Amino acid sequence: MRPALFLDRDGVVNADRGYVHRIEQVEFLPGIFALARAARARDMPIVIVTNQSGIGRGLYSEADFAALMQWMAARFATEGAPLTGVEHCPDHPVHGLGSYRRENDRRKPGPGMLRDAAARHGLALGRSVMVGDHATDMLAGQRAGLPFLVLVGGDAAEAAAAPPGTLALPSVAAAAAWLEGLRPATPAGGAAPASEPGRAPLPGPRCEFGL
Ligand SMILES: [Mg+2]
């Protein structure tokens, strides 16, 4: 089993404009593809986990969402970092219409989407990374047993509501630099690489993924 990079979508992959569901609404955030390539360089599958109550609220359809995500997945592939999976939850306990009005443990802060992705793709949750822009993303990661919770966007209220141990970084680009700078797993048959002189230490946990 391999550790994964779990990405929230709105506010991490693309700017959060509220209920993004059309291609022309997508503005990819700086650093997102560097972050994705850093994951692939470590052989970490990339999975987007996104609450999509806009479907349950009747603002757009499952087909709209699927079409947008197919387009987005193609862009990740073009950028050299193909996605392994996309998990979404259309339900909302209050604002969902009809059968969409229900509690669902897949809806973040529930851990269901991460657990389902792990079962689907054979992922090691206990060595995985969650990157999100809300405390609910971090809580979902914590409840799924992830050791690396990375909050981006610089919102102080979200940082205050995030679980202890959350690494708060100002931007997606900073998260890319963090993942690029994590000490690589020991190469097969070799010693750990020498440290890079002159490189400033990175904030937050440093560890080996043990790939
Ligand atoms: Mg978000």
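Overview of the structure. (Residues numbered from 1 in each chain as written. Predicted model: local features only at pLDDT ≥ 70, side-chain atom pairs only at ≥ 80, totals over all residues.)

Those residues of helix α7 (residues 172–181) that sit buried are Val172, Ala175, Ala176, Trp178 and Leu179. The buried residues of α7 occupy one face: seen down the axis, they fall within an arc of 160 degrees. Packed against the buried residues of α7 are α1 (32–41), β4 (129–132), β5 (148–152) and β6 (167–169). (Buried ≥ 20, exposed ≤ 12 C-beta atoms within 10 Å, placed from the backbone. Helix = DSSP H or I, 4+ residues; strand = E, 2+ residues; numbered from the N terminus. Arc of directions from axis to C-beta. Contact = placed C-beta atoms within 7 Å.)

Omega for the bond connecting lysine 108 with proline 109 falls within 30 degrees of zero, at 20 degrees, which places this linkage in the cis form. Topologically, proline 109 is positioned in the loop between β3 (85–89) and α4 (112–121). Here the phi dihedral of aspartate 43 falls at roughly 65 degrees; this positive angle occurs in a residue that is not glycine. As for its placement among the helices and strands, aspartate 43 is situated in the loop between α1 and β2 (46–51). With 11 C-beta atoms packed within 10 Å, aspartate 43 lands in the exposed category.

Bringing the pairing of β5 into the picture now. In terms of burial, β5 is a largely internal element, 5 of the 5 residues being buried. Residues Phe148, Val150 and Val152 point to one face of β5 and Leu149 and Leu151 to the other, with burial holding for every one of them. Pairing analysis gives 4 bridges linking β4 to β5, with the strands arranged parallel. Bridge pairing in β5 places valine 129 opposite phenylalanine 148. (Pairing = 2+ DSSP bridges.)

Honestly, that's just the spatial picture; any functional story needs more than this.
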